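Analysis of the macromolecular model
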Amino acid sequence: MFQQTRTKTITIVLLLAGMALYTGFAGFYGRELIIEAAYLVILAISLDLVAGYGGMISLCHGAIFGIGAYVFAVLTSMYDISPLIALPAAIVAGAIFGLFVGAVTSKTSGIFFIMTTLAFGQMVYVYVFENRALGGDDGLSGVERIDLSWLGLDMGNSMQFAWFSIVLAGLAYVVAAAVLRSGFGRTLVGIRSNEGRMRALGLPVRRYKAVAFAISGALAALAGTIAAQQTMFVSPQMMGWMMSGEALVIVILGGLGTLVGPAVGAVLFVFLQHEVSELTRYWHMIVGIVLILVVVLGNRGAYGQIEHMIMHRRRPVAPAKSSLEAASEQEESHA
Amino acid sequence: MLEARNLHKAFGQVRVTNDVSIAVEKGERRVVLGPNGAGKTTLFNILVGELSPTSGTIRLGGEDVTGHSVEARAKRGLARSYQKNNLFNDLTIRDNLALAIATATGAASRMGDTLRDPAIVERIEEVAARVNLRELLDQPVDSVSYGARRQLEVGLALATNPRVLLMDEPTSGVGPEMIRAFHDLLKSLPRDLTVLIIEHDMDLAFDVADQVTVLNYGEVVFEGTPGDTRESSLVNEIYLGGSVDA
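Here goes a summary of the coordinates provided.

Calculation notes
- Along each chain, numbering runs from 1 in the same order as the chain's sequence is written.
- Here chains are named by letter from A upward and ligands by number from 1 upward, in the order in which they appear as written.
- Whole-chain, interface and lining totals are the exception, using all residues; otherwise, since this is a predicted model, local features are given only for residues with pLDDT of at least 70 and side-chain atom pairs are given and counted only at 80 or more.
- Hydrogens and water molecules were not included; the side-chain quantities draw on all heavy atoms of the structure.
- The salt bridge definition used is simple: a Lys or Arg side-chain nitrogen within 4 Å of an Asp or Glu carboxyl oxygen.
- Strands here mean DSSP runs of E at least two residues long; helices mean DSSP runs of H or I at least four residues long; both are numbered from the N terminus.
- Burial here depends on accessible area, computed with a 1.4 Å probe over protein chains only, as a share of the maximum for the residue type. Under 20% is buried, over 50% is exposed, and the range in between is partly exposed.
- Contact definition: two residues touch when any of their heavy atoms are within 4.5 Å.
- Two parts placed together each lose some accessible area under a 1.4 Å probe, and the buried area is that loss summed for both.
- Polar contacts, as used here, are pairs of N or O atoms within 3.5 Å; protein pairs need one atom able to donate a hydrogen and one able to accept it. Residues neighboring in sequence count only if both atoms are side-chain atoms.
- The residue classification treats Ala, Val, Leu, Ile, Met, Phe, Trp, Tyr, Cys and Pro as nonpolar and Asp, Glu, Lys and Arg as charged. All others, Gly included, are polar.
- Helix axes use the C-alpha atoms of the stretch in contact, all axes being lines fitted to C-alpha atoms, and the angles between their N-to-C directions lie in the range 0 to 180 degrees.
- In this scheme the crossing of two helices becomes right-handed for a clockwise turn of the near helix relative to the far one and left-handed for an anticlockwise turn of less than a right angle.
- Grouping buried Ala, Val, Leu, Ile, Met, Phe, Trp, Tyr and Cys residues that are joined through side-chain atoms within 4.5 Å yields what is termed a nonpolar core.
- Start and end positions for the domains come from either an automated domain assignment or a database one.
- Pairing between two strands requires that DSSP report at least two bridges joining them.
- Only protein atoms enter the calculation, which uses a 1 Å grid: trapped sets of points that fit a 1.4 Å probe without letting it out are cavities, open sets showing protein on both sides within 12 Å along at least five of seven lines are pockets, and any residue with an atom within 4 Å of a point is a lining residue.
- Grid points are joined across faces, edges and corners, and a volume is the space filled by probe spheres set on the points.

**Structural notes on the pattern of salt bridges**
- Using the criterion set out here, one finds 23 salt bridges over all chains in the structure.
- Across the pair D138 of chain A and R132 of chain A runs a salt bridge whose closest N-O atoms are separated by 3.6 Å.
- A salt bridge links R94 of chain B to D138 of chain B; its shortest N-O distance comes to 2.9 Å. With a gap of 44 residues between them, R94 of chain B in helix α3 (residues 93-105) and D138 of chain B in the loop between α4 (118-130) and α5 (146-159) connect regions that are remote in the sequence.
- Exposure remark for D138 of chain B: the relative accessible area of 54% places this residue in the exposed category.

Rendered as structure tokens:
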């Protein structure tokens, strides 16, 4: 079950505050990295919601991310619609696509679930790639950034846009945590733990899985709108299976099913990518090695490992027995 | 309350359920007896909807539920416990019970925190007390003993506040003290609750049952009161391994 522990609160606050602080020291490039980290934080949180807590390992989150980016881009650049409307529209589009994928895949599990989500994702990718009206493989430029001048903010300023992205990442975390703490979120964990028993208890499991996927889709699309605004450009590359895979790598790197872990993983990933790519062109290989290490060393992820160590400082040794059994055993030993 | 008519189920050539009809009145305690492989668990699986019968009908409270899904039947008050523990192993006992209660009460779809709802917290305590798990509430299932898991198995089914409760060998593999406690639990259940139990412990079976149904090779071979069952030479032959004098 998800619990917003003190460790989680401290970590997420420190992480986001650290990112915000860093924008003050970093140059333009550093701020761009922070913006990238911020939307990857949101994407990773959205994926962890279904994968870590719902047991639904999705390989179409890159596509949902792309749907968010493209809906935002098309509305602002082609139809001149205000980003203030395009942003919620993109989120709704992500939720609808998520609901659809979730409903169709809810009957499958394991490898079949993963493959079906991959197929959905690639269908979207190929559609966008081949569609000249959407710019095809050239993508679309002229994407607008949201206008927050009425709040006294200038989104053209990379530092302020970075803050905006960090605030959205924080909001995404709060939303995901609220969902997971609710009756709905607990039920989601129950489905991951034992889907058959949930059904036997009377739960319409497929509906719950579809709704969880819709919520996750909304968040993934939100991440996409930030990416589209950052470069003011969208291309099919941001929605292929590589993107979905990267999101999954981030989640595992940070700690699947910990919510804060994937956020940490996103920042770690961007940091690794940046630092290591300065040393070698083969930075993917280094990420790969780190990933293998994470999996081999207990499969908890960077944050997950730390959380595990904090929570399990004292472990009970003997299996706990109910009073009745203890009585039974006593009786037997007296007999 | 629960009525099945002419249920058939075959896996290929193997007939596991053969023209089974069973009618259980509201509030009745029905014990299902039969040797291993007699089709008792298969019958339960068909009744709750985990298996669909090849033919036959099932009515719950007068309503035909033959085509209904497992969850739809559960929603109408049909609960079961399993012969093999079927729990949420990575969660605590409290969370296990909370899931069952939240599903039954509709709290599963709400945005509020289940464990902060006083009605649910109270119900968790109540069910836990019933199945003697109060002091283990915060233990994860995978850290508690087999016996405690058996208790939880029944607790989960009870927690949904069912109209009809199907229990598949609730006391399998537990000690005498626990069998006695389970006995007490059965007797403390509300009299309007309909209960079907697959049971191997004869003393318990004959003590709690209003009616006994005996299955053999997928067929109902006997139905009667515990007294009649004890006297039946047929039952003695197939179930108790006694000799036939008749």
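**Considering the interface of chain A and chain B**
- Tallying the contact residues gives 34 residues for chain A and 50 residues for chain B.
- Overall, the association of chain A and chain B removes approximately 3200 Å² of surface from exposure, summing both partners, and the carbon and sulfur fraction of that is 56%.
- One salt bridge in this structure joins D90 of chain B and R192 of chain A, with 3.2 Å as the shortest N-O distance.
- At the boundary of chain A and chain B, one finds 15 residue pairs in polar contact (both at pLDDT 80 or more).
- When contributions to the side of chain A that touches chain B are tallied by element, the ones reaching two or more residues are α6 (158-181), α7 (183-193), α8 (195-200) and α14 (323-334) of chain A.
- Tallied by class, residues from the side of chain A that touches chain B come to 15 nonpolar, 10 polar and nine charged.

**Description of the packing of helix α1 (residues 6-25) of chain A against helix α13 (residues 302-311) of chain A**
Residues and elements named next belong to chain A.
- Running from N to C, α1 and α13 point in directions that differ by 145°, and their axes come no closer than 11 Å. Here α1 and α13 pass one another in a crossing that is right-handed. The residues of α13 that touch α1, namely those facing T7, K8 and T11, are Y303, E307 and I310.

**What to know about the nonpolar core**
- Counting residues in each nonpolar core, the largest one holds 160 residues, and the members touching the most others are L40, I42 and L259 of chain A together with I93, L97 and L186 of chain B.
- When residues of this core are assigned to their parent elements, the largest contribution, 17 residues, is made by helix α2 (residues 28-53) of chain A.
- Both domains that furnish three or more residues to this core are identified here as domain 1 (1-77 + 162-246) and domain 2 (85-161) of chain B.
- Apart from the residues lying within four places of it in its own chain, the contact partners of L259 of chain A are F2, I45, D48, Y53, Y173, A176, A177 and L180 of chain A.
- In this structure, V20, I22, L60 and L166 of chain B belong to the second largest nonpolar core, which totals 22 residues.

**Structural notes on the sheet that holds strand β10 (residues 219-224) of chain B**
Residue and element names in this part refer to chain B.
- Strand order in the open sheet formed by six strands is β6-β7-β8-β3-β9-β10, and the pairing between neighbours is mixed. The open sheet terminates on both sides in strands that have one partner only, identified here as β6 (78-81) and β10. Strand-to-strand twist in this sheet, taken as the mean axis angle between neighbours without regard to direction, amounts to 20°.
- Looking at chain direction, strand β3 (residues 29-33) and strand β8 (residues 194-198) are connected through four bridges and run parallel. Its bridge partner being in β8, V32 is matched across the sheet by I198.
- Across the sheet, α5 lies against β6 and β7 (164-168), angled at about 175° from β6, the strand it touches most.

**Description of the side chain of R30 of chain B**
All names here are of chain B.
- With respect to the helices, strands and loops of the structure, R30 is situated in strand β3.
- Accessibility expressed as a relative area gives 2% for R30, which makes it buried.
- A distance of 2.7 Å separates polar atoms of two side chains, one belonging to R30 and the other to T213.
- Beyond its immediate stretch of four places on either side in the chain, R30 contacts I22, A23, V24, V195, L196, I197, Q211, V212, T213 and E223.

**Some details on the pairing of β6 of chain B**
All names here are of chain B.
- With burial as the criterion, each face of β6 is covered, one bearing L78 and R80 and the other bearing A79 and S81.
- Two strands pair when backbone bridges link them, and β6 and β7 are joined in this way by four bridges, in the parallel orientation. Residue pairing for β7: R80 is matched across the bridge by L166.

**Digging into the layout of surface pockets**
Residues and elements named next belong to chain A.
- Taken as a whole, the second largest pocket encloses approximately 240 Å³ of empty space.
- For the second largest pocket, the full set of lining residues is W241, M242, G245, E246, L248, V249, I252, F269, H284, V287 and L291.
- Elements supplying a minimum of two residues to the lining of the second largest pocket: α10 (241-254) and α12 (283-296).
- Ranked by residue count, the leading element in the lining of the second largest pocket is α10, at seven residues.
- Per-class residue counts for the lining of the second largest pocket are eight nonpolar, two polar and one charged.

**What about unusual backbone geometry?**
All names here are of chain B.
- Unlike most non-glycine residues, N6 shows phi in positive territory, near 50°.
- Turning to its location among the elements, N6 is positioned in strand β1 (residues 2-11).
- By relative accessible area, N6 is classed as partly exposed at 38%.
- In this structure, D19 is a non-glycine residue whose phi angle is positive, near 55°.

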